[in-house]
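Survey of secondary and tertiary structure
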Amino acid sequence: MKKKTYIIQLHPNTQAAKAFPSKLEWHLSFLQESVLGVQEEEGSSPSSRILYSYDSAMEGFSAQLTESEAETLKNLPEVVAVRPDHVLQVQTTYSYKFLGLNGPGSSNVWSKSRSGQGTIIGVLDTGVWPESPSFDDTGMPSIPSKWKGVCQQGESFTSSSCNRKLIGARFFIRGHRVANSPLESPNMPREYISARDSTGHGTHTASTAGGSSVSTASVLGNGAGVARGMAPGAHVAVYKVCWFNGCYSSDILAAIDVAIQDKVDVLSLSLGGFPIPLYDDTIAIGTFRATEHGIAVVCAAGNNGPITSSVANTAPWVSTVGAGTVDRKFPGVVRLANGKLLYGESLYPGKGLKKAERELEVVYVTGGDKGSEFCLRGSLPKETIQGKMVICDRGVNGRSEKGQAVKEAGGVAMILANTEINQEEDSVDVHLIPSTLIGYAESVILKGYVKDTVKPKARLIFGGTVIGRSRAPEVAQFSARGPSLANPSILKPDLIAPGVNIIAAWPQNLGPTGLPYDSRRVNFTVMSGTSMSCPHVSGITALIRSTYPNWSPAAIRSALMTTADLYDRRGKEIRDGNKPAGVFAIGAGHVNPVKAINPGLVYDIEPVDYIAYLCSIGFTRSDILAITHKNVSCGVILRRSPGFSLNYPSISVVFRGGKSKEMITRRVTNVGSPKSIYTVNVKAPKGVNVIVKPKRLVFSHVEQTLSYRVWFVLKKGSKGEKVGANFADGQLTWVNSRDLMQRVRSPISVTLKNH
């Protein structure tokens, strides 16, 4: 019978385990013929069927099982859960300046945090290209004595591939290998069976988080400047869990398991999928254990925006990061023969500009079932395309791949047109032929011109790199949105960070598009996604950890959230398309490391508080055991803490079943000046009265914790502001009376159900 990979979670600290000499022996015992009742096939022993034996991230193992064997194990008393292996996907310079990390004098965050020295950022991704200049260890301090990791040898990767910057590298392939045919594919670059990066994504994210300073960074001349990671003094450890066909949860869990033992300080996961319940979410389960060990976990929110409730990685013990823009543009304007200018963007740097900058006939091939409008390879008729500029709709295939299709059909330039779902999103690429990307409004104008003109013509005008002339940040169209389906009582995403057109390190054996037929070679390239915003926050988290080594992961997340910006660089509200951004798009706001390094107050959370929270929202005993590895009585916990409120930096209130009044409690700890007085300022959600007691918090010393309560009362006859399903938002801010610039802000979301 066909076998699949399952993850088997076992009861922790069970007496049965003590009868075996090791955890592995105990785990192997579940695969014995006497347990499964199925005779093993020749050459298929229990040890050959087990993939990983987990210890730190979860008590359990992953193994190859038939469906009936999985059912048998599910019914054993020592087994908490049996889950099929899931495949996740990765969620895919100048940004450090945009964030103010190199500010003068006292605002220089790198100076305060020693650039993250002494911290270790663990990156779960596609691996690393160790020869990249972003991982040069010149000037790096020695490796922290607490480090327990290794530089795992493998294909084209030796122990000397690591150094004082890249201090560790491992790879996890067993889950992927048993689920897929051989890794070689004629349409893909070769995959290294080692921690070496074959696709570029992991190199890009690792260098964004903790890359060294590189003074001559550019993408074939565009975006030139000094490239630095957010925490250039931090050490980086890479855990390769993603391969060409995705990232398998059995491999991810194994990497988290080892990273905990390796003693990383921060875990950065630019991967995920659609939202799933916490008790089925391997990342949520593994990272709870990491949080218990004091590791701050940062995850990508996902790229399924702007769909409502698309946000992933919503566990309250992880920082969930959406994506925003920066004020750097790469103009690639389309000038129509009638004089009309259509703004676009492009990083095309190569030869052929003169040909594209003269007027060319423009064609848009539609009709049939070949996908010609998307410029799929082989779909474009050469007799129609030869020597012309081609309009290609976004979607189905990769953006750069469309240019290759045009080139193969004899076209000489491309206009990549956003469709309605992409709106005005401007993710640029280092195209193979002269090309530019235009927004949806411009694409409607362009297609109308082509349709109504006998012989439509246009030229492309490239403008290089332009900084500071556009509004930023704005919410990226693709950035996943709340409210959380799996966890609606916590506002997610937590915040946003730069994630559009981010330039960072790239493998030296790949072209900047990553396509196998791109023969150009670079040290840096541009990528967009919440995969890019996640390592920005991971690096800033390392800066805060380096500054305050005794802070909990929750305190660090609080500092990031309560100091986040609601306004762009021009002092106007951050936008989400053509409207102000709501809390389900930006959470607490856009990360501001200059303020986060000195937050004044923090909302702290102990791991045991998360268990009480899960009880308070109705999770069953078995659900909580699966998530937290703790066998608890919710009845006892809730009797001890009636009306429990998780001390989260954001406030999410849901009115259910006709209720018109809700109360929450919060605790803040003074991490600023010894004698501080904070006064509350409330922007109430529409249709809701907000009462805060007390209205002043008077601190006499550092590390002092004070509590306050907030009552939310629906105004008579009100159903809130109707945004989506009876939703309204607001803000609660504690203002330091002696330093009015120090503001500790919590976003408020109010949702009405069954009203």
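Given the structure is predicted, the values throughout are model-derived calculations rather than measurements. (Residues numbered from 1 in each chain as written. Predicted model: local features only at pLDDT ≥ 70, side-chain atom pairs only at ≥ 80, totals over all residues. Heavy atoms only, no water.)

Below, the discussion takes up the side chain of Asp565. Along the chain, Asp565 falls in the loop between helix H16 (553-562) and strand S30 (575-576). Only 3.1 Å separates the side chain of Asp565 from the side chain of Asn592, close enough to count as a polar contact. (Helix = DSSP H or I, 4+ residues; strand = E, 2+ residues; numbered from the N terminus. Polar contact = N/O pair within 3.5 Å; in protein donor to acceptor, adjacent residues only side chain to side chain.)

To continue, consider the sheet that holds strand S23 (residues 413-417). The 8 strands are arranged S19-S18-S25-S21-S22-S23-S24-S20 in an open sheet whose pairing can be described as mixed. This sheet does not close on itself; its edge strands, each paired only once, are strand S19 (341-342) and strand S20 (344-345). Pairing of strand S22 (residues 389-393) with S23 involves 5 bridges; the strand directions are parallel. The residue of S23 that forms the bridge with Cys392 is Leu416. The sheet contacts of helix H13 (residues 399-408) involve S22 and S23, and relative to S23 the element is tilted by about 145 degrees. (Pairing = 2+ DSSP bridges. Contact = heavy atoms within 4.5 Å. Axes fitted to C-alpha atoms, helices over the stretch in contact; angles between N-to-C directions.)

It is worth spelling out the sheet that holds strand S15 (residues 296-300) at this point. Spatially, the 7 strands line up as an open sheet ordered S7-S10-S6-S13-S15-S16-S27, and their pairing is parallel. Bordering the open sheet on either side are strand S7 (166-171) and strand S27 (495-498), each of which pairs with just one other strand. Within the sheet, the average angular offset between the axes of one strand and its neighbour, ignoring direction, is 25 degrees. The strands touched by helix H8 (residues 201-210) are strand S6 (120-125) and strand S10 (235-240); relative to S6, the strand with the most contacts, the crossing angle is about 160 degrees.

Sites flagged by UniProt as "active site" (unreviewed entry) map to Asp125, His201 and Ser531. In summary, the annotated positions, though distributed over 407 residues, converge in three dimensions, the widest C-alpha pair being only 9.6 Å. Tracing the backbone shows Asp125 in strand S6. Of the residues examined, Asp125 reaches a relative accessible area of 1% and is grouped as buried. (UniProt positions renumbered as here; feature names shortened; annotations may be inferred. Buried < 20%, exposed > 50% of the residue type's maximum accessible area, 1.4 Å probe, protein only.)

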